[in-house]
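Now for the letters of each chain:
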Amino acid sequence: MLVLAHISDLHLDGTGRTARRAGRVRDRLWALPGRVDALLVTGDIADHGTEAEYEEAARLLGLDTGAAPFPVLTCPGNHDRRAPYRKALLGRAPADGPVNDVHVFDDGAVLMCDSSIPGSDEGELDEETYGWIESSLDELGADRPVVLAFHHPPVVLHHPALDAIRLRRPERLAALLERRPEIAGVITGHAHSAAASVFAGRPLVVGPGVFSELRLPWEGGEEIADRDAPVGLAFHVLDDAGRLTTHFRTV
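This one's a predicted model, so the numbers in the text were calculated from it and none came from an experiment. (Residues numbered from 1 in each chain as written. Predicted model: local features only at pLDDT ≥ 70, side-chain atom pairs only at ≥ 80, totals over all residues. Heavy atoms only, no water.)

Across its full length, the chain holds 6 helices and 15 strands. Relative to a compact globule of 251 residues, whose C-alpha radius of gyration would be 18 Å, the chain shows 17 Å and is just as compact. If you line up the chain on its principal axes, its C-alpha atoms span 45 × 45 × 40 Å. Taken across its 251 residues, the chain has 55% of its residues classed as buried. Residue pairs at least 24 apart in sequence account for 67% of intrachain contacts in the chain once pairs closer than 6 positions are excluded. For the chain, the exposed area adds up to about 10,600 Å²; of that, 50% sits on carbon and sulfur atoms. (Helix = DSSP H or I, 4+ residues; strand = E, 2+ residues; numbered from the N terminus. Rg over C-alpha atoms; globule rule 2.2 N^0.38 Å. Buried < 20%, exposed > 50% of the residue type's maximum accessible area, 1.4 Å probe, protein only. Contact = heavy atoms within 4.5 Å. Areas by Shrake-Rupley, 256 points an atom, 1.4 Å probe, with all protein chains shown as cover.)

Attention now goes to the pairing of strand β4 (residues 101–105). In the case of a regular strand, side chains alternate between the two sheet surfaces. Examined bridge by bridge, β4 and strand β5 (residues 108–112) share 5 bridges and lie antiparallel to one another. Opposite phenylalanine 105, over in β5, you have glycine 108 as the bridge partner. From the end of β4 to the start of β5, which pair antiparallel, there are 2 residues. (Pairing = 2+ DSSP bridges.)

Take the packing of helix α4 (residues 127–140) against helix α6 (residues 170–179) next. Contact geometry of α4 with α6 gives a least axis separation of 12 Å together with a crossing angle of 10 degrees. As far as their axial angle goes, α6 and α4 are roughly parallel. Residues Glu127, Tyr130, Ile133 and Glu134 of α4 touch α6, and the partners they reach there are Arg172, Leu173, Leu176 and Arg179. Each residue belonging to the contact of α4 with α6 can be placed in one class, and the counts come to 4 nonpolar, no polar and 4 charged. (Axes fitted to C-alpha atoms, helices over the stretch in contact; angles between N-to-C directions. Parallel < 35°, antiparallel > 145°, perpendicular 65-115°, else oblique. Nonpolar A, V, L, I, M, F, W, Y, C, P; charged D, E, K, R; others polar.)

So, on to the pairing of strand β15 (residues 244–250). Two strands pair when backbone bridges link them, and strand β14 (residues 232–238) and β15 are joined in this way by 7 bridges, in the antiparallel orientation. If you follow glycine 232 over to β15, its bridge partner there is threonine 250.

This part takes up the nonpolar core. In this structure, Ile7, Leu29, Leu39 and Val41 are the most contacted members of the largest nonpolar core, which totals 29 residues. Tallying contributions element by element places helix α2 (residues 51–60) first for this core, with 4 residues. If we ignore the near neighbours within four places in the chain, the residues touching leucine 29 are Ala5, Ile7, Leu39, Phe70, Leu233 and Phe235. By size, the runner-up hydrophobic cluster in this structure holds 28 residues, among which are Ala109, Leu125, Ile133 and Val146. (Core = buried A, V, L, I, M, F, W, Y, C linked by side-chain atoms within 4.5 Å.)

Assignment of secondary structure puts alanine 161 in helix α5 (residues 160–163). What makes alanine 161 partly exposed here is its relative accessible area of 39%. With 30 residues separating them along the chain, alanine 161 and alanine 191 place their C-alpha atoms 9.9 Å apart.

The mixed open sheet is built from 5 strands, whose spatial order is β3-β2-β1-β14-β15. Of all strands in the sheet, those with a lone pairing partner are β3 (72–75) and β15, marking the two edges. Strand after strand, the sheet turns through a mean of 25 degrees between neighbouring axes, direction not considered. Where strand β2 (residues 38–42) meets β3, 4 bridges bridge the pair, whose relative direction is parallel. Each residue of the ladder has a partner; that of leucine 40, found in β3, is leucine 73. Against the sheet, helix α1 (residues 16–30) contacts β1 (2–7), β2, β3, β14 and β15, and its axis sits at roughly 35 degrees relative to β14.

This is the structure in structure tokens:
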């Protein structure tokens, strides 16, 4: 069994408000008494993509000192910028290509994929990323269940502003999933709203946002987001049957 904690859309910007909200969910996760195999952070970690914002994220998530009680796995969102993300968050040489990483566990694997398009709020998995996914799955073998995680949901979530900037060309991703039964499900962020759906016959789970909560059209409100809503997180369980189950919590 693989247990994955999940947060998304921190939008760290150097202000006390964003630091407090992110710190609140971090403290809850760090204090968990039971087993968690990894924390997934699915994009929009920084609000403006500056090195200072990623340095703040590295401190908050323990990436600079290794202080986190479990591995912290990240991928970029549309607010992130690849070169400073690599340099200040991951400690790697700055570069502008997609940031893709595979993480292997005893009971499965997680592919953290880059769905960002530099200069755009929409998302897309590009040719390099699709090639990397295919080769990673080949190396992992068909018997190991895999979760794909990236920022942009590939389905309509029934909010016009959000649906206008979702993942482009979802049919290509659907074709990949249809060829690859080892993919147990897809995990994303971007929506600032905990949501669950089905995509290409697999579970699709959208994590809640740390920064704010999206107001859906029928909920009303003058602003698109509730900045005072409780901070959300998710726990995904990939069991021995390859089934993905999700539990949501607020802090």
